[in-house]
Amino acid sequence: MFRRMANLTRKPLNFEFEGMEVEALEGDTVATALLAQGVANLRRAPVSSGERAPYCMMGMCFECLVEIDGVAHQQACLVPVKAGLRVARQKSQAKVGHDL
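The structure contained in this document is the topic of the report that follows. From a predicted model like this one, the values you see are computed outputs, not experimental measurements.

Thresholds applied
Positions within a chain are numbered from 1, following the residues in the order the chain's sequence is written. Only residues with pLDDT of at least 70 are given local features in this predicted model, and only at 80 or more are side-chain atom pairs given and counted; all residues enter the totals for whole chains, interfaces and linings. The basis for every side-chain value is the complete set of heavy atoms in the structure, and neither hydrogens nor water enter the calculation. DSSP calls a pair of strands paired once it identifies at least 2 bridges connecting them. Each helix is a run of DSSP H or I of at least 4 residues and each strand a run of E of at least 2, with the numbering of both proceeding from the N terminus. Every angle, taken between N-to-C directions, lies between 0 and 180 degrees, and every axis is a line fitted to C-alpha atoms, over only the stretch in contact when it is a helix. For every residue, the accessible area (1.4 Å probe, protein chains only) is compared with the maximum for its type, and the residue is labelled buried under 20%, exposed over 50%, or partly exposed between those bounds.

**Brief notes about the sheet that holds strand E6 (residues 71-75)**
And then number 1: If you trace the 5 strands from one edge of the open sheet to the other, you get E2-E1-E7-E5-E6, paired in mixed fashion. The two strands at the open ends of the sheet, each matched to only one other strand, are strand E2 (20-25) and E6. Direction aside, neighbouring strands of the sheet carry axes that sit 40 degrees apart on average.
And then number 2: Where strand E1 (residues 12-17) meets E2, 6 bridges bridge the pair, whose relative direction is antiparallel. Residue pairing in the sheet places Phe-17 in a bridge with Met-20 of E2.

**A short note on unusual backbone geometry**
And then number 1: Not every positive phi belongs to a glycine, and Met-57 is a case in point at roughly 60 degrees.
And then number 2: Among the structural elements, Met-57 can be located in the loop between strand E4 (51-52) and strand E5 (65-68).
And then number 3: The class for Met-57 is partly exposed, based on a relative accessible area of 31%.
And then number 4: Residue His-73 is not a glycine yet carries a positive backbone phi of 65 degrees.
And then number 5: The residue His-73 is located in strand E6 in this model.

Shown next, in the form of structure tokens:
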């Protein structure tokens, strides 16, 4: 689905996604690196439990929330990859009740 442009001359680096080593290129965001590796499902919607993936890629939609180095609610499309990052899918919050 997503693939890198040919002839990129950026330095490769590695980070961890849920225990799996992921190769990225210097300058990638967490979202672009994961999409390039075929990982699109980054979290589940709190109400429907539907899989959510990066959408706008500019920080407006919050669909790409992940946990980075133990800190939740990080936008994967805005965080530059650094060697050694530990990334995990965003944990779903409890379902929202409809009682007001």
